[in-house]
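An overview of the molecular structure
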Amino acid sequence: MNKEVALINNYARNSLSFTHGEGSWLYDAEGRRYLDSIAGIAVNALGHGHPVFTKAVSAQLSRLVHVSNLYTLPEQENLAQTLSQASGMNEAFFCNSGAESIEAAIKIARKFGHDNGKVEPVILVFTGGFHGRTMGALAATSNNTYQAPFGPMLSGFIRADYGNIEAVQKVFEDHTQICAVLVEPIQGEGGVVVPPAGFLSSLRKICKERNALLMLDEVQTGNGRTGEYFAYQHSKILPDVLSTAKGLGNGYPIGATLVAGLARGVIQPGNHGTTFGGSPLACAAASAVYQVLADENLVMNAAVRGEQLLNELNKGLQGCQVVNEIRGQGLLVGIELNKPCGELIEKAKELGVLINVAVQKVIRLAPPLTINSEEVDFLARIIIKLVRNFENEEK
């Protein structure tokens, strides 16, 4: 019997499957190994089979898995303190995914708006943005392909061009009900789009002037991915709301919504909740991630290896006619080509590398933060070979 008969057909799955992983590598049943430059879509920050992570999760599994948020959870309080120290934020709400962390942010924004006299509060979002597939997060997302089958969308969102601060100012001037701005510091699903210098700091200033929350979606960019614990730290600002997930649990499902500034105290008992969020096991997993990030200096490693990867790609693809742009920060890198390149996923697999393609024509690389110099060299060589071959096919 075909095992996939019992699965809803909502994924265009690759036929490849794996038996185990070690560090930056995954292995199939035939023993072939593949450099994992996707890391579970920017999730496996510590790579595969990290001993500290495995030990911590195993130990917690034997003690306590779940008791619910009806009780005080020391593991949750400890993780909240760790994230506060790393981020500069004040308080945390724990959930199970990035989309859930965005849903919490949307609720915080709307309640903040009502608390401040806005009858129909509106959240400003951006072209090219991706915030998740639940109905609130989907309404905030820019891609009509994701939205069209599920309309009508939740109201209360207005959109501006990403990176265009003049457009943001104009929207604020034209709409008095804006209560918050929701933005990705770097658009991941949108193709690893890096905004112009000063964009985030300008948003911070506008939000402060307009008594609106600045809410950052760091589901993909957080937890060391860009060479800081959180991408906004490159801009020396602090948001009011921070949503994160993915690398936070190294593969164990956990998300977090952190608050500071104007967002403190907005949510009160009974306003929001979750059954599974912030379980002892989930918090033990995330705490182990942050222990390893610190002990192995992986945030700095992401910065150094990311710079190495960008340098090697820029050098090896110099003058390549199919390359529009190479961009990114830390270990989140995109190579934008001038035409759809989904076929390169299979070709990369044949060469022993797992890649992802975003918005049809951007090769997205997000390897584990543990990746070493030799592995970066290998990854760059394969990508350069792929793109050069892709260029030659056009001639």
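Here the structure is shown first, and the text comes after it.
Residues numbered from 1 in each chain as written. Predicted model: local features only at pLDDT ≥ 70, side-chain atom pairs only at ≥ 80, totals over all residues. Heavy atoms only, no water.

Points about the overall build of the protein chain
This is how it is decided: Secondary structure elements follow DSSP: runs of H or I no shorter than four residues count as helices, runs of E no shorter than two count as strands, and numbering proceeds from the N terminus. Note that the radius of gyration is over C-alpha atoms, with the globule rule given as 2.2 Å times the number of residues to the power 0.38. Each residue gets one of three labels from its accessible area relative to the maximum for its type: buried under 20%, exposed over 50%, partly exposed in between, using a 1.4 Å probe on protein chains only. The contact definition used throughout considers only heavy atoms, calling two residues in contact when any of these lie within 4.5 Å. For the accessible areas, the method is Shrake-Rupley and the probe is 1.4 Å, while residue cover comes only from the protein chains on display. Residues scored as positive are Lys and Arg, those scored as negative are Asp and Glu, and His as well as the terminal groups of each chain are ignored. For the purpose of locating charges, the reference atoms are NZ of Lys, CZ of Arg, CG of Asp and CD of Glu.
The helix and strand tally for the protein chain stands at 12 helices and 15 strands. A compact globule built from 395 residues should have a C-alpha radius of gyration of about 21 Å, and the protein chain, at 21 Å, falls within 12% of that. Its C-alpha atoms give the protein chain principal-axis dimensions of roughly 60 × 55 × 45 Å. The buried share of the protein chain, taken over its 395 residues, is 52%. Taking contacts inside the protein chain between residues at least 6 apart in sequence as the whole, the part at least 24 apart equals 72%. Of the roughly 17,900 Å² that the protein chain leaves accessible, carbon and sulfur atoms contribute 51%. If the 33 positive side-chain charges of the protein chain are averaged to one point and the 38 negative ones to another, these points end up 1 Å apart.

Remarks on the pattern of salt bridges
When the charged atoms of two side chains with opposite charge come close together, those side chains can pair. Rules: Here, a salt bridge means any side-chain nitrogen of Lys or Arg that lies within 4 Å of a carboxyl oxygen of Asp or Glu.
Applying the stated criterion to the full structure yields 13 salt bridges. For Glu-189, the salt bridge goes to Arg-364, with nearest N and O atoms at 3.0 Å. With Glu-189 in the loop between β7 (178–183) and α8 (199–210) and Arg-364 in strand β15 (residues 362–365), this pair connects stretches of sequence that are 175 residues apart. Overall, the relative accessible area of 23% leaves Glu-189 in the partly exposed class.

Quick look at α8
Put simply, the test is: Given a helix with a known number of residues, its expected span is that number minus one, times 1.5 Å.
Its 12 residues place the ends of α8 16 Å apart at the C-alpha level, agreeing with the 16 Å of an ideal helix rising 1.5 Å per residue. When α8 is considered as a whole, its buried residues turn out to be Phe-199, Leu-200, Leu-203, Arg-204, Ile-206 and Cys-207. In this structure, the buried side of α8 is in contact with β5 (122–126), α7 (165–174), β7 and β8 (213–217). A positive backbone phi angle near 55° is found at Asn-211, which sits one or two residues after α8.

Details of the side chain of Asn-250
Looking at where Asn-250 falls in the secondary structure, it is placed in the loop between β9 (241–244) and β10 (255–259). For Asn-250, the contacting residues outside a window of four places in its chain are Val-43, Asn-44, Ala-45, Leu-46, Gly-47, Phe-53 and Val-289.

Some words on the packing of aromatic side chains
Selection criterion: Stacked, tilted and edge-to-face are the three classes applied to pairs of Phe, Tyr and Trp rings, where Trp contributes its six-membered ring and a pair requires centres within 6.5 Å; stacked means planes under 30 degrees apart, edge-to-face means over 60, and tilted covers the rest.
Tallied over the entire structure, the rule returns 8 aromatic pairs. Centroid distance Trp-25 to Phe-378: 5.8 Å. Interplanar angle 40°. Geometry classified as tilted. Taken together, the residues span a long stretch of sequence, with Trp-25 in strand β2 (residues 25–27) and Phe-378 in helix α12 (residues 373–393) at a distance of 353 residues. Owing to a relative accessible area of 21%, Phe-378 belongs among the partly exposed residues under this scheme. Geometrically, the ring pair formed by Phe-230 and Tyr-232 is stacked, given 6.0 Å between the ring centres and 15° between the ring planes. As far as the burial class goes, Phe-230 and Tyr-232 line up, both buried. An aromatic cluster of at least three residues, connected via ring pairs, comprises Phe-126, Tyr-162 and Phe-199.

Here we look at the nonpolar core
The nonpolar side chains of a soluble globular protein tend to be buried with one another. Selection criterion: Note on terminology: a nonpolar core comprises buried Ala, Val, Leu, Ile, Met, Phe, Trp, Tyr and Cys residues joined through side-chain atoms within 4.5 Å.
Leu-313 and Ile-335 are the most contacted members of the largest nonpolar core, which totals 86 residues. Ranked by residue count, the leading element in this core is helix α9 (residues 280–295), at 10 residues. In this view, Leu-313 contacts Ile-326, Val-333, Ile-335, Leu-365, Ala-380, Ile-383 and Ile-384; residues no more than four positions away in its chain are not counted. Judged by nonpolar contacts, the second largest core, of 21 residues, contains Cys-179, Met-215, Val-241 and Ala-263.

Describing the packing of α7 against α8
To keep it simple, the criterion reads: Orientation is described by axes fitted as lines to C-alpha atoms, over the contacting stretch for helices, and by angles from 0 to 180 degrees between their N-to-C directions. Should an angle fall under 35 degrees it is taken as roughly parallel, and over 145 as roughly antiparallel, whereas 65 to 115 is taken as roughly perpendicular and any remaining angle as oblique. Should the near helix be turned counterclockwise from the far one by less than a right angle, the crossing is left-handed, whereas a clockwise turn marks it as right-handed.
One way to put it is that α7 packs onto α8 with a least axis distance of 10 Å and a crossing angle of 15°. Accordingly, the angle class assigned to the pair α7 and α8 is roughly parallel. Viewed along their axes, α7 and α8 form a crossing whose handedness is right-handed. Judged by residue contacts, Ile-165, Val-168, Gln-169, Phe-172 and Glu-173 of α7 engage Phe-199, Ser-202, Leu-203, Ile-206 and Arg-210 from α8.

Some points on the sheet that holds strand β12 (residues 332–337)
To keep things clear, this is the line we draw: A pair of strands is considered paired only if DSSP assigns at least 2 bridges between the two.
Spatially, the 4 strands line up as an open sheet ordered β11-β12-β15-β14, and their pairing is antiparallel. Because the sheet does not close on itself, it has two edges, and the strands there are β11 (323–329) and β14 (356–358). Each strand axis lies, on average, 25° off the axis of its neighbour in the sheet, ignoring direction. Note: β14 against β15, 3 bridges, orientation antiparallel. Directly across from Val-357, in β15, lies its bridge partner Ile-363. Against the sheet, helix α10 (residues 298–316) engages β11, β12 and β15, with an angle of about 170° to β11. Where α12 meets the sheet, its contacts fall on β11, β12 and β15, and the angle it forms with β15 comes to roughly 175°.

Any link to function would need more than the numbers given here.
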